[in-house]
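Residue-level structure breakdown
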Amino acid sequence: MNRIFFPIFITFILSTAILSAQSRHDKYFKNIILKVDTLEFSMIENSILTNNENKLYFEYNNSDEVCEISLFPINGWRAEAFSLLPSGDFTIIDSLVKIGSEQLRFKLRFNDLTK
């Protein structure tokens, strides 16, 4: 089983006017959950502070792992304001979908996590 420190706000770059690579996730999200196979990792329970940045720690088996990501925006955020930007680090499998009134979800495949 491989382990990785995952800079959540770099890989999951969301295009809003106020988000940037230096932003902390807790300014915008109550929680971020990443599901890999049957395992679940959350920013609340699995984050590590390195270089003054919160990073999501998760385990994976394959370098091209598929995962489902759930975002829980802080109250008052409009889900329509979020979108995913393309990246060479991953391929979007399922687009960003609003689930209920408090959750956004999407699925992606990483492109070589071992880099």
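The present account deals with the structure reproduced in this document. Every value quoted in this text rests on a predicted model; they were computed, and no experiment measured them.

Turning our eyes to something else, we now look at the pattern of salt bridges. Any two side chains of opposite charge can pair if their charged atoms end up close together. Counted under the stated rule, the structure contains five salt bridges. In this structure, K35 engages E40 in a salt bridge whose closest nitrogen and oxygen atoms are separated by 3.9 Å. Between E53 and K55 there is a salt bridge, and its shortest N-O distance comes to 4.0 Å. Classification of E53 by relative accessible area gives partly exposed; the value is 25%. For K55, a relative accessible area of 15% gives the class buried. Bridged by salt links that share partners, the residues K35, E40, E68 and R105 form one connected network.

With that settled, the discussion passes to the pairing of strand 8 (residues 103-110). Across six bridges, strand 6 (residues 66-73) lies against strand 8 in antiparallel orientation. Bridging across to strand 8, V66 finds its partner in R109. Of the pairings in the sheet, the one linking strand 7 (residues 90-99) to strand 8 comprises seven bridges and is antiparallel in character. Bridging from a neighbouring strand, I92 pairs with L108 of strand 8. Two successive antiparallel strands, strand 7 and strand 8, enclose a turn made up of three residues, where G100 displays a positive phi of approximately 65°.

As for its placement among the helices and strands, N31 is situated in strand 2 (residues 29-36). N31 sits in the buried class, given a relative accessible area of 11%. A distance of 3.3 Å separates a polar atom in the side chain of N31 from the backbone nitrogen of I44. For N31, the contacting residues outside a window of four places in its chain are S42, M43, I44, S70, L71 and F72.

Cut-offs applied
- Residues numbered from 1 in each chain as written.
- Predicted model: local features only at pLDDT ≥ 70, side-chain atom pairs only at ≥ 80, totals over all residues.
- Heavy atoms only, no water.
- Salt bridge = Lys/Arg side-chain N within 4 Å of Asp/Glu carboxyl O.
- Buried < 20%, exposed > 50% of the residue type's maximum accessible area, 1.4 Å probe, protein only.
- Pairing = 2+ DSSP bridges.
- Helix = DSSP H or I, 4+ residues; strand = E, 2+ residues; numbered from the N terminus.
- Polar contact = N/O pair within 3.5 Å; in protein donor to acceptor, adjacent residues only side chain to side chain.
- Contact = heavy atoms within 4.5 Å.

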